[in-house]
Amino acid sequence: MTVVSSAASHLSETVAERAVISLRGVEKHFPIKDGALQRVVGQVRAVDGVSFAIRPGETVGLVGESGCGKTTLGRCISGLAPTTGGKIYFRLGDDAAARLDEIEAIPEAERSQDQLAEIERIDAGHRIDQLSGPAWKTYRRNCQMVFQDSFSSLNPRQLVKDIVGRPLRVYKEASGSELTERVVSLLESVGLGRQHLYRYPHQFSGGQRQRISIARALALDPEFIVLDEPTSALDVSVQAQILNLLHELQQERGLTYLFISHDLGVVRLMSDRIAVMYLGEVVEQGTALELFESSRHPYTDALLAANPDISSETTEMKGLSGTVPDPANPPEGCRFHTRCPVATPACGWEVDDAVDWLQTKETLLGALIDVERRTNFDATLVFHDVDSAAAVTTAMAEGDIPAAMKGALANLARDGTKVRISLTPVEPVRLADVGGQHLTSCILHTGL
Amino acid sequence: MTSTVDGLPPASRPLVAEVKDLRVHFQAKAGLVHAVDGVSFEIRDGETLGLVGETGCGKSVTARSFIRLIPSPPGVYAGGEIDFWSSAARRKGEGPIDLLQIPQKEMLEIRGDRIAMIFQDPGKALNPALTIGSQMSEVLFQHRSQELMEAALEEDPPAILRRAARQQSSALERLLLKLPPWRGRMRRLSRRVDELVARALTETQISNPRKIMDSYPHELSGGMKQRVLIAQALACNPDLLIADEPTTALDVTIQARILELIAELQQRLETSVLYISHDLSLVREICDRVAVMYAGRIVETGTTKEIFSNPLHPYTRGLMAAVPSAAHKRGELAAIEGNVPELVDPPPACRFNSRCPFAVEICRTTDPRAIPIGDEHSVACFAYESGDRTELPTLEQWV
């Protein structure tokens, strides 16, 4: 936590003395319910401890594969989904952020009454789930969202005039002919016009519908917009139009963007700073240039290597083996170690990895009856027969398993049909600064 | 077959398929939609042809026409032909067959056997109610029932088993097959099928095929499902593989793996591939030749190198300039203004004229024709028709 919070404050050296949005250890867990009584049997950790700050006027890009939690995080920030842990602050001053860092560095039990009261005061003024009525309204009108799918985010039964004019009406900004004029000027600012007022969303093409979404987001003249994959449903030629429009609007109105996308090329073009997410965590963040020119995390490297580049003739695309692990049961240590090409023994190898390796061994997996788990790093595998147990032991001892996993193997002992394996336990990885506002969680670079 | 192909320059390889002036129209309330309107191109043996274009340009309709998957009505094959040389026909020295004219029965034999297709969304292309093993064995029962019977059963099996091997048993027969004397032979048959399915799955680098065969599609990840579809498509070793945006629904890291796999299998099996995509940078990586489609027509074809180093058509140039790359400054992407035109009863004209910054009078009144520029490159643009207007701005100037 300390490392992360100092990181958040580290980013506050830029112009203004407050951030638009500050995230401090934000978590969003979804309960998994099962059985007739719908008891909670587990948690899907969609977002698991994310901290960064978004400064006025900048664009922060959020990249990652599908299912990494980037959209969920966007929804948390815009107040559409309540968080289950951590704090999101709106317009938190840098001095207040520094105070929070200071107090949170002290263990919870040792904090004084004054310090607790101070946290409470800051929370009441800025933390979005504790804002009072008027402050909540200010936050809502200043934090808008543009969604990925413009089909499902525009009401098919409403006219464009009603869709774009709705925020103005809700906040009683305008009515009657004034409302119409405001809507027209909004439409004109996104490249549409008066002739589009009395049409339904289905009468527009994908690009035009996304323009309507943007006009709606702009209606209350917000400070900050969450752009959740605004162009991923569009063709390249139209995508270019929308990206140019977003840039123009940012220049004109001094907007702040959180740009969520899986397309590295688009994020690189649009963002000042980029955060890379994997399985609910930010694994690397830094300026767009830093990240693309000298990335410090193997996952970012993998994303870059897999991304085809139109401007070069001989790039060879490289993919990653395996699939994204289950976010309900994320891997220990670095969450990327199961797919990482440069994993070391200290990356968090655990019992599940051994079982996953068994999955690839058709004959041996069938003989596995039970896994008696003491911790995630220590378990006994029970096999059907002695031969299979012996075969597994030999295979593991002789390095049929990945080399890094073998390095982490502290103890391997067979007793009849039982194989006890224990691996060296590791701490969870943390984001740490590697210089120049560049943070990474990879132990190869942080040296933690 | 290999010896005749290997070492030959791409241009002189034998043809696998040739599309001539294909027209596919759809009857809509507003009129006749000319979704594909005079498309011609050829696919040569062992090559990967990329068909690139934006949404609604007719690339998927063109591909589906190969195996006649266009529902009719509302679809109408309004003209043209798709000539196809199967490897067997070529060995015998026979001419091509027109895929649009052959009877339905022959089409059923070709579909999935000689021409196979990988669809865009692996989640939708697999039957959620069947296990992977049982839906993959359908392909083999459909196209390889004879070989199956020869391998697993006696010389001249009775009719009841022949029908079983083609999955054409009646309800009563299915009951009988569970009893002796058929039961043992049915088991042998299904064991043989399972073996073949497992082998096909192993080809696509699935590590534990037996386990995958027993699982249902929802238990697999997107990348795994796409591997299953590829295994299914290649199970019969087709002459032509149609890949309709096979990686659009996947993440980039998985996409790269799937493309590697397709390329590797293609090399090994010597299959020709028609690769459909909207992603230019992807096509550049994997295709030998490229055809660029716009609003139901091919605007430019050529080798990948030619197209990307020397794009001629204004649309191709615009499309390339619109892809964000490291060279672009923010807010300075070259967008193609306007939208794709309506394709309902279009007048004769260049379809791109409404968005083309260089359009002149003739572009609005006459259909352009494909003009060959060099051996391996042709473009449908009036700017290259005569000598007087060849000086279109270069790609750099456009940007």
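Keep in mind it's a predicted model, so treat the numbers as computed, not measured.

Draft legend 1. Focus on the overall build of chain B. Within chain B, the regular secondary structure consists of 18 helices and 12 strands. A globule of 399 residues ought to have a C-alpha radius of gyration of about 21 Å, and chain B, at 24 Å, matches this closely. Expressed along its principal axes, the backbone C-alpha trace of chain B runs to roughly 80 × 50 × 45 Å. Considering only intrachain contacts with a sequence separation of at least 6, the fraction spanning at least 24 residues in chain B is 67%.

Draft legend 2. Quick look at the overall build of chain A. The helix and strand inventory of chain A stands at 17 helices and 15 strands. Seen through its principal axes, chain A has C-alpha atoms that stretch 85 × 60 × 50 Å. In chain A, which comprises 448 residues, the proportion classed as buried is 45%. Considering only contacts in chain A between residues 6 or more positions apart, those separated by 24 or more positions represent 65%.

Draft legend 3. The arrangement of the sheet that holds strand 4 (residues 85-90) of chain A in detail. Residues and elements named next belong to chain A. Read across the open sheet, the 3 strands follow the order 2-1-4; overall the sheet is antiparallel. For this open sheet the edge positions go to strand 2 (39-54) and strand 4, each flanked by a neighbour on one side alone. Here the average twist between neighbouring strands, direction ignored, is 25°.

Draft legend 4. Quick peek at the sheet that holds strand 8 (residues 272-277) of chain B. Spatially, 6-7-8-3-9-10-12-11 (chain B) is the arrangement adopted by the 8 strands of the open sheet, whose pairing is mixed. In this open sheet, the two strands that pair with only one neighbour each are strand 6 (115-118) and strand 11 (371-372) of chain B.

Draft legend 5. Representation of the packing of helix 12 (residues 298-306) of chain A against helix 13 (residues 252-269) of chain B. At a minimum axis separation of 8 Å, helix 12 of chain A and helix 13 of chain B run at an interaxial angle of 50°. As summarised for this structure, helix 12 of chain A and helix 13 of chain B are arranged oblique, according to the angle between their axes. Read as a crossing pair, helix 12 of chain A and helix 13 of chain B show a hand that is left-handed. Within the contact between the two elements, helix 12 of chain A uses Ala302, Leu303 and Ala306 of chain A and helix 13 of chain B uses Val252, Thr253, Gln255 and Ala256 of chain B. Of the residues contributing to the contact of helix 12 of chain A with helix 13 of chain B, the split by class is 5 nonpolar, 2 polar and no charged.

Draft legend 6. Fine view of the packing of helix 6 (residues 160-170) of chain A against helix 7 (residues 176-189) of chain A. Residue and element names in this part refer to chain A. Their axes nearest at 9 Å, the elements helix 6 and helix 7 cross at an angle of 115°. Compared by their axis directions, helix 6 and helix 7 come out roughly perpendicular. Considering the relative orientation of helix 6 and helix 7, their crossing is right-handed. Residue-level inspection shows Lys161, Val164, Gly165, Leu168 and Arg169 of helix 6 in contact with helix 7, the latter providing Leu179, Thr180, Arg182, Val183, Leu186 and Leu187. Along the lines of polarity and charge, the residues of the contact of helix 6 with helix 7 split into 6 nonpolar, 2 polar and 3 charged.

Draft legend 7. Main features of the pairing of strand 8 (residues 273-278) of chain A. All names here are of chain A. Across the 6 residues of strand 8, 6 count as buried, placing the element largely inside the fold. Of the two faces of strand 8, the one holding Arg273, Ala275 and Met277 and the one holding Ile274, Val276 and Tyr278 are both buried throughout. In this structure, strand 3 (residues 59-63) lies alongside strand 8, joined through 4 bridges in parallel fashion. Each bridged residue has a counterpart across the sheet, and for Val63 the counterpart in strand 8 is Val276.

Draft legend 8. Structural detail: the interface of chain A and chain B. Taken residue by residue, the interface counts 35 residues in chain A and 39 residues in chain B. When residues of the side of chain A that touches chain B are traced back to their parent elements, those giving at least two are helix 9 (236-253), helix 10 (264-270) and helix 12 of chain A. The dominant element in the side of chain A that touches chain B, judged by the number of residues it contributes, is helix 9 of chain A, at 8 residues.

Draft legend 9. Representation of the confidence of the model for chain A in the model. Taken residue by residue, chain A gives an average pLDDT of 87. The fraction at 70 or more is 95%. Confidence over residues 1-15 of chain A falls short of pLDDT 50; this stretch has 38 contacts with residues more than four positions distant or in other chains.

Draft legend 10. Geometry of helix 2 (residues 70-77) of chain A. Residues and elements named next belong to chain A. Of all 8 residues in helix 2, 8 are buried; the element is thus mostly enclosed. By the burial criterion, the buried members of helix 2 are Lys70, Thr71, Thr72, Leu73, Gly74, Arg75, Cys76 and Ile77. Just beyond helix 2, the residue with positive phi is Gly79, at close to 80°.

Draft legend 11. A look at the pairing of strand 7 (residues 256-261) of chain A. Residue and element names in this part refer to chain A. Counted residue by residue, strand 7 has 6 buried out of 6 residues, so it is predominantly covered. On strand 7, burial covers both faces: Thr256, Leu258 and Ile260 on one face and Tyr257, Phe259 and Ser261 on the other are all buried. Strand direction decides the pairing type here: strand 3 and strand 7, joined by 5 bridges, are parallel. Residue pairing in the sheet places Val63 in a bridge with Ser261 of strand 7. Bridging between strand 6 (residues 224-228) and strand 7 involves 5 bridges; their strand directions are parallel. Bridging from a neighbouring strand, Phe224 pairs with Thr256 of strand 7. The parallel pair strand 6 and strand 7 is bridged by helix 9, and the resulting crossover is right-handed.

Draft legend 12. The arrangement of unusual backbone geometry in detail. The omega torsion across Ser72 of chain B and Pro73 of chain B is -10°, close enough to zero to call that bond cis. Tracing the sequence through the fold places Pro73 of chain B in the loop between helix 2 (59-66) and strand 4 (75-84). Each neighbour pair has its own omega, and for Pro73 of chain B with Pro74 of chain B the value is 5°, a cis peptide bond. On the secondary structure map, Pro74 of chain B appears in the loop between helix 2 and strand 4. Positioned with a positive phi, Gln38 of chain A is a non-glycine residue whose angle comes to about 55°. With respect to the helices, strands and loops of the structure, Gln38 of chain A is situated in the loop between strand 1 (21-34) and strand 2. A residue is classified by how many C-beta atoms lie within 10 Å of it, and Gln38 of chain A, with 9 of them, is exposed. Non-glycine residue Glu229 of chain A carries a positive phi angle of around 45°.

Draft legend 13. The arrangement of the nonpolar core in detail. Counting residues in each nonpolar core, the largest one holds 224 residues, and the members touching the most others are Ile21 and Leu258 of chain A together with Leu274 of chain B. For Leu274 of chain B, the contacting residues outside a window of four places in its chain are Ile43, Leu49, Leu51, Ala63, Leu240 and Ile242 of chain B.

Draft legend 14. Structural detail: the confidence of the model for chain B. Summary statistics for chain B give a mean pLDDT of 84 and a share of 94% for residues scoring 70 or more. Below pLDDT 50 for its whole length, residues 1-7 of chain B participates in 6 contacts with residues either more than four positions away or in separate chains.

Draft legend 15. Main features of the environment of Cys68 of chain A. All names here are of chain A. With respect to the helices and strands, the residue Cys68 is situated in the loop between strand 3 and helix 2. Residues Cys68 and Val276, 208 residues apart in the sequence, show an inter-C-alpha distance of 9.6 Å. Contact partners of Cys68, with chain neighbours within four places excluded, come to Met277, Tyr278, Leu279 and Gly280.

Draft legend 16. Summary view of the environment of Arg335 of chain A. Residues and elements named next belong to chain A. Looking at the secondary structure, you find Arg335 in the loop between helix 12 and helix 13 (351-359). C-alpha of Arg335 to C-alpha of Val429: the two residues are 94 residues apart in sequence and 8.5 Å apart in space. With residues up to four places along the chain from it excluded, the contact list for Arg335 reads Tyr278, Leu279, Glu281 and Pro330.

How each quantity is defined
- Residues numbered from 1 in each chain as written.
- Chains lettered and ligands numbered in written order.
- Predicted model: local features only at pLDDT ≥ 70, side-chain atom pairs only at ≥ 80, totals over all residues.
- Helix = DSSP H or I, 4+ residues; strand = E, 2+ residues; numbered from the N terminus.
- Rg over C-alpha atoms; globule rule 2.2 N^0.38 Å.
- Contact = placed C-beta atoms within 7 Å.
- Buried ≥ 20, exposed ≤ 12 C-beta atoms within 10 Å, placed from the backbone.
- Pairing = 2+ DSSP bridges.
- Axes fitted to C-alpha atoms, helices over the stretch in contact; angles between N-to-C directions.
- Parallel < 35°, antiparallel > 145°, perpendicular 65-115°, else oblique.
- Left-handed = near helix turned anticlockwise from the far one by under 90°.
- Nonpolar A, V, L, I, M, F, W, Y, C, P; charged D, E, K, R; others polar.
- pLDDT = per-residue confidence, 0-100.
- Right-handed = clockwise from strand over helix to strand, strands pointing away.
- Core = buried A, V, L, I, M, F, W, Y, C linked by C-beta atoms within 7 Å.

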